[in-house]
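One letter stands for each residue in the lines below.
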Amino acid sequence: MFGIAGQMLWVDLTHGKVEKRPVERELLNGYLGGRGINAKLLWELTDKGLDPLSPKNPLIFGTGTLGGTFAPCSGRMTITCKSPATDGYLKCNVGSHFAPELKFAGYDFIVVLGRADHPVYLWIDDEKVEIRDARHLWGLDTRATDQLIKQELRDDQIKVAMIGPAGENLVNFASVMVSIYRAAARGGVGAVMGSKNLKAIAVRGTGDISVANPDQFMEAALAARRAIREDEYCWTRSFHFGTAQGVIGANEGGTLPHKNFQDGFMSDVYKLSGEYVSEKFAHPEACSSCVFHCGRFSHVRSGPYAGSYTAGPEYETLASLGSKCDITDTTAVIKGSEICNLMGMDTISAGSMASFMMECNERGLLKDHDLEGLDLSWGNADAMLSLLEMIAHRKGIGDLLANGSRIAAAKIGHGAEDFAIQAKGLEQSMVDIRGSMSYALAFALNPRGPDHLTTECLAEFAYTPEVRQLAIEVSGSEKGVDSLSPEGKPKLVAWHEDIYSVSDCLGICAFTDTWSYTRINFENLATMFASATGISMSADEIRRRGEKVFTLERVFNVREGRSGVDLDVLPPRMFEPSPSLKGGEATLTHEKLGRMLQEYYKLRGWSTKTGVPTAKNLQDLGLNFLKEKFVRE
Ligand code: SF4
């Protein structure tokens, strides 16, 4: 088949069997690839109420349809399962070079089912696929795992996706590290892999990918690459500083979390900025076929954390392990990021646990808990670092924290639930959404919880004249670029959801959507998809496919019994005033969010009472089969 490798690997760990199945053209047409096909498979393979850590929870690795081609930033992969953190839908998107390698080996998807009776790893060497003993790897960190697998298979070009001790110990925010650089981090995807006794997947592929219409495809892909390179913002900001470019701007706008979101501003933030990190510690690194090279790899050469090295740190990590804990020591953040990556643990949730504990400590709520001598005062970097290790190994209070802030707050009590910055069981990403109504709406709607990687609504901030124009056009309102106004935000959020969804299906990095807004659009995504696969697709049609995938993900949570306020929630603190915004008034209210949700539901054709997609909406999107199932249940 054109564009894709054409095969799926179905791995049954309980019985030690591997089967190869074709990828049906109809599935590719209906769900585009990657995230979309993963969502369809997850729906079919699960029933309501499934325990996320049971062997029946499938762990699905889906490469994007344009992975392994010349399309810009096209090396991304989506990993999908039911989340142990939220008990709902989970997809994690990750870069690196694993996805193209898998396609070169001949496979677009890996569906892992069951549980091995001892630790194993999967070795994919072109057409040869083996389940191998991994008892000697169990307990190792991700760096050692990566090295040992390459050594024993005698090939340093092998690409490895793996878990560390946090995944083995079922930490509910354990990540899957894809190489030692990149993490599929959120929602406990690493715990699901650990629950299957699957330590790693190693792949080596020597084939290639053919496209249906090479001339048209090369023209479209080259034009998209050039357009991104010629975008001044992309070139001057994203290329040099990566996501960390946002630290100073977020702080100035009052949206950088400080002291567990007690406010959105911190003085002396320069040492957490992309400018500082790039100058002092980092060299660039990029995923396959990337035009931006937004990644960084940082080394600490002196001071108490000398010798530490890690990917990033990204904006999210600088905020979660830094400003949110009132820490400005860059080297401590790099060390913390290194610990999280070695242990295989999400830096957002891990840092959130540390800052949550610091606020519990400030409020005197930890007297009944054995902290093993830790001084959890704000800004104590060594305490933050110790806490990370304790969580990964479930040691002392780390055993409680490894269950995430929703469960930890309920156990600590005394009102701790009010300042655990989580919703649906997922710790919120590092944007103070009180300063951005489109982020607030997007975080509430996101099926995996309050997080940025399903809908990053940066257009609202109108950081170039072109982006301003786009945001006004899409939102249908001049107020679309007023971040404290709810006006126009439902349309703006829906547009972002759809383009992110399409990009994830095609394996194109979502940063092409948010850093080069006016350069990558539904038109060129549709052209690249159609010329690669030979499946005709217009801009409107591809956008509807994106909407379809997002709707399917929402319906997964509806099948679990959620509706109305259970579907679209935010952490309680987000409705309190932030001292950094608008003279201390509450900028986000339940009334404001409710108004945006009502308008959004109407726009999508969902029930305005429950927020559940209607029968007509599902029929229009080609999702009739969902209706039958979730109504019956
Ligand atoms: S923009 Fe960054 S995250 Fe995206 S593909 Fe490129 S290097 Fe990877």
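The notes below deal with the structure included here. (Residues numbered from 1 in each chain as written. Predicted model: local features only at pLDDT ≥ 70, side-chain atom pairs only at ≥ 80, totals over all residues. Heavy atoms only, no water.)

1. Brief notes about the packing of helix H17 (residues 437-445) against helix H19 (residues 489-506)
Between H17 and H19, the shortest axis-to-axis distance is 9 Å and the interhelical angle comes to 55 degrees. On the basis of their axis angle, the class for H17 and H19 is oblique. Regarding H17 and H19, the two cross each other, and that crossing is right-handed. Across the interface between the two elements, Met437, Ser438, Leu441, Ala442 and Leu445 from H17 touch Lys489, Pro490, Leu492, Val493 and Glu497 from H19. Residue composition of the contact of H17 with H19, by class: seven nonpolar, one polar and two charged. (Axes fitted to C-alpha atoms, helices over the stretch in contact; angles between N-to-C directions. Helix = DSSP H or I, 4+ residues; strand = E, 2+ residues; numbered from the N terminus. Parallel < 35°, antiparallel > 145°, perpendicular 65-115°, else oblique. Left-handed = near helix turned anticlockwise from the far one by under 90°. Contact = heavy atoms within 4.5 Å. Nonpolar A, V, L, I, M, F, W, Y, C, P; charged D, E, K, R; others polar.)

2. Some points on the sheet that holds strand S14 (residues 295-299)
Taken together, the three strands give an open sheet; going across it, the order is S13-S14-S15, and neighbouring strands pair in antiparallel fashion. The outermost strands of the open sheet, each flanked by one partner alone, are strand S13 (282-285) and strand S15 (309-311). Going across the sheet, the axis of each strand differs from the next one's by a mean of 20 degrees, ignoring polarity. Where S14 lies against S15, three bridges are found, and the strand directions are antiparallel. Its bridge partner being in S15, His299 is matched across the sheet by Tyr309. Each of S14 and S15 touches helix H12 (residues 330-343); the most contacted strand, S15, lies at about 70 degrees to it. (Pairing = 2+ DSSP bridges.)

3. Quick look at the site of the ligand
The local shell around the ligand consists of Arg76, Arg182, Ala286, Cys287, Cys290, Phe292, Cys294, Gly295, Cys509 and Phe511. Here the shell around the ligand is built from residues that sort into seven nonpolar, one polar and two charged. (Near = heavy atom within 4 Å.)

4. So, helix H13 (residues 347-362)
Taking 1.5 Å of rise per residue, 16 residues should cover 22 Å, and H13 covers 22 Å from first to last C-alpha, within 8% of that figure. Taking burial as the measure, the 16 residues of H13 include 14 buried ones, the bulk of the element. The backbone nitrogen of Ile348 lies 3.0 Å from a side-chain oxygen of the residue at the head of H13, namely Asp346. Backbone geometry just after H13 places Gly364 at a positive phi near 70 degrees. (Expected span 1.5 Å × (residues − 1). Buried < 20%, exposed > 50% of the residue type's maximum accessible area, 1.4 Å probe, protein only. Polar contact = N/O pair within 3.5 Å; in protein donor to acceptor, adjacent residues only side chain to side chain.)

5. Side note on the state of the cysteines
In the structure shown here, the tally under the stated rule is zero disulfides. Between Cys340, a cysteine without a disulfide, and Cys325, which holds the nearest cysteine sulfur, the sulfur-to-sulfur distance is 10 Å. You can see Cys360 has no disulfide; the closest cysteine sulfur is in Cys325, sitting 12 Å from it. (Disulfide = S-S within 2.5 Å.)

6. Overview of the packing of aromatic side chains
By the definition in use, this model includes 11 aromatic pairs. Taking the centre distance of 5.7 Å and the plane angle of 70 degrees together, the rings of Tyr89 and Phe556 count as edge-to-face. With Tyr89 in strand S5 (residues 89-94) and Phe556 in helix H22 (residues 539-559), this pair connects stretches of sequence that are 467 residues apart. In terms of burial, Tyr89 and Phe556 fall into one category: buried. Relative to Phe522, the ring of Trp495 lies with its centre 6.2 Å away and its plane at 80 degrees, an arrangement referred to as edge-to-face. Here Trp495, found in helix H19, pairs with Phe522, found in helix H21 (residues 522-533); they are 27 residues apart in sequence, far enough to count as distant. With respect to burial, Trp495 and Phe522 carry one shared label: buried. Chaining the aromatic ring pairs together yields one cluster made of Tyr181, Phe297 and Tyr309. Across the ring face of Tyr309, the terminal group of Arg143 is positioned such that the distance to the ring centre comes to 3.7 Å. (Phe/Tyr/Trp six-rings, centres within 6.5 Å; stacked < 30°, edge-to-face > 60°. Lys NZ or Arg CZ within 6 Å of the ring centre and 35° of its normal.)

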